[in-house]
Each structure stands twice: as C-alpha cells, then as structure tokens.
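An overview of the molecular structure
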Amino acid sequence: MLSVLSGLGLGLSLIVAIGAQNVFVLRQGIRREHVLAVVVICALSDAALIIAGVAGLGFVIAAAPWLVVVARWAGALFLLTYGLLAARRAWRGEGQALDASEPAGETVPSAGGTATATRTALAPVVLTVLALTWLNPHVYLDTVLMLGSIAATHGEERWLFAAGAVTASILWFTALGFGARHLGRWLRTPRSWRILDALIAVVMIALAVSLVLPVLG
C-alpha cells in the first residue's frame, strides 16, 4: 500500500502543473468538445510511458541523451505553432462565445444575435493531444526516466508504485477535463475567449522557448 501511495503522490506532483497538455485538456473541457477522447488518450499515454519507465526504458533514454535533444526541438516547434495559432484566434476573436448548453467549436451567428458553435472534428483534436503528449520531452524525463528510476527503488513492489502513478494520471485528467466545464459560465462572451486564447498563446510560446533554452545554453 505504501508503494501505491508513493506512486500516487509523485504522479500527481509531476502531472499537476501548468503545461501544454494540461492547458489543452482544460480548453477542451471548457468547450465540452471531445472531452472523453482527450482524457482517455492522455491517461492511456501516461500509463504507457509509466509502464515503459518501470520496465526499463528510462535507462535507454539515459544512455542516448540525443533522443531528448531531438524531442526538445520537435516539441518546441509544435508548441510554437500551436501558440501562434492561439494568438491568431485571440487577435481575430475566433473560436469564441460559448453556449453553456452546447459543445463549442467554430462560431457562427444565430438568429437571435448570440453566437453558437459547431463541433470541431475529432481527428484534429486527437492528433493535437497526441502531439502535445508525445512530442513533449519533459514527459520522457519525468514520467519515464524519473518515475522509472524511483520505481526501481521499490524493488518487487515497483509495479504497485506504477499502479499508483497511473491512478494519479487517471484521476487528474478526469477531474481536469470534466471539471473544466463548470468554468463555462465565465466564458460566454467573445472577450473572455479572446483572453483565454491569449493566455494559452503565452503559455505555449513560453514553454516552447523553455524547451530549447537548455540546448542553446
């Protein structure tokens, strides 16, 4: 039980932080758009990475640090692109005006003058969350290398530690994705969505810069 709780605590401490993946899950949750698919992908991806780390992939990454460098540049490029797209949405006022009773997407004017939204296709959302998850080098450093190394200290109970970490991931993404919808009442105006997209742009671009700074330094 102690190993499970240790994995749960460490898993939450690594996951509960402002990052590209969490920002995207939060935005999808607020928009109530393909939330289940996003939550499942994030949780399964974390589970796969945790299991890989406990199984020994962390030693491979430690032995081939150039893999992390490649992941840094790929992740930075993707985050920069996503951040610039969010900045464009904020500048133009796209993807705004949430109707509390409907899922959101691209906005279209309604007869009553209030903007409602059509649902974005599932495929772009899935591809985006996969990229935000698997192109993030911190995922490999934290989830695979760190969790894998710490799990090894638990000896034969390392898989109980892994179970705790996987549980932490499931709990967090479920709470973040399905709990975010309660923020919708504050995001019913175009101005509030422009502010949200502006914040997303700042976070994404800052994360992109932070990824490559260690390489440039």
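This structure is a prediction, so every number in the text was calculated from the model and none was measured.

General note: in soluble globular proteins, nonpolar side chains tend to be found buried as a group. Ranked by size, the top nonpolar core spans 29 residues in total, and within it F24, V38, L79, I200 and M204 carry the most contacts. Secondary structure elements with two or more residues in this core: α2 (20-31), α3 (35-55), α5 (66-92), α6 (122-134), α8 (158-179) and α9 (190-216). At eight residues, the largest contribution of residues to this core is made by α9. Setting aside its immediate chain neighbours within four residues, M204 contacts A20, V23, L79, Y82, G83 and L132.

Take α2 next. Over its 12 residues, α2 runs 17 Å from end to end, which matches the ideal 16 Å to within 8%, given 1.5 Å per residue. Within α2, 11 of the 12 residues are buried, which leaves the element mostly enclosed by the surrounding structure. Those residues of α2 that sit buried are A20, Q21, N22, V23, F24, V25, R27, Q28, G29, I30 and R31. Downstream of α2 by a residue or two, R32 has a phi angle that is positive, lying close to 55 degrees.

With respect to the helices and strands, V70 occurs in helix α5. Overall, the relative accessible area of 49% leaves V70 in the partly exposed class. Once the C-alpha coordinates of V70 and P137 are considered, the two residues, 67 residues apart in sequence, prove to be 8.6 Å apart.

Quick look at unusual backbone geometry now. The backbone phi angle of R32 is positive, close to 55 degrees, even though this residue is not glycine. For R32, the position within the fold is in the loop between α2 and α3. The phi torsion at H34 lies on the positive side, around 55 degrees, for a residue other than glycine.

At their nearest, the axes of α2 and α3 sit 9 Å apart, and the two run at 160 degrees to each other. Overall, the two elements α2 and α3 adopt an arrangement that is roughly antiparallel. Note that α2 runs across α3; the crossing there is left-handed. From α2, Q21, F24, V25, Q28 and G29 reach across to α3, where they touch V35, V38 and C42. A breakdown of the residues in the contact of α2 with α3 according to their chemical character gives five nonpolar, three polar and no charged.

Cut-offs used in this document
- Residues numbered from 1 in each chain as written.
- Predicted model: local features only at pLDDT ≥ 70, side-chain atom pairs only at ≥ 80, totals over all residues.
- Heavy atoms only, no water.
- Core = buried A, V, L, I, M, F, W, Y, C linked by side-chain atoms within 4.5 Å.
- Buried < 20%, exposed > 50% of the residue type's maximum accessible area, 1.4 Å probe, protein only.
- Helix = DSSP H or I, 4+ residues; strand = E, 2+ residues; numbered from the N terminus.
- Contact = heavy atoms within 4.5 Å.
- Expected span 1.5 Å × (residues − 1).
- Axes fitted to C-alpha atoms, helices over the stretch in contact; angles between N-to-C directions.
- Parallel < 35°, antiparallel > 145°, perpendicular 65-115°, else oblique.
- Left-handed = near helix turned anticlockwise from the far one by under 90°.
- Nonpolar A, V, L, I, M, F, W, Y, C, P; charged D, E, K, R; others polar.

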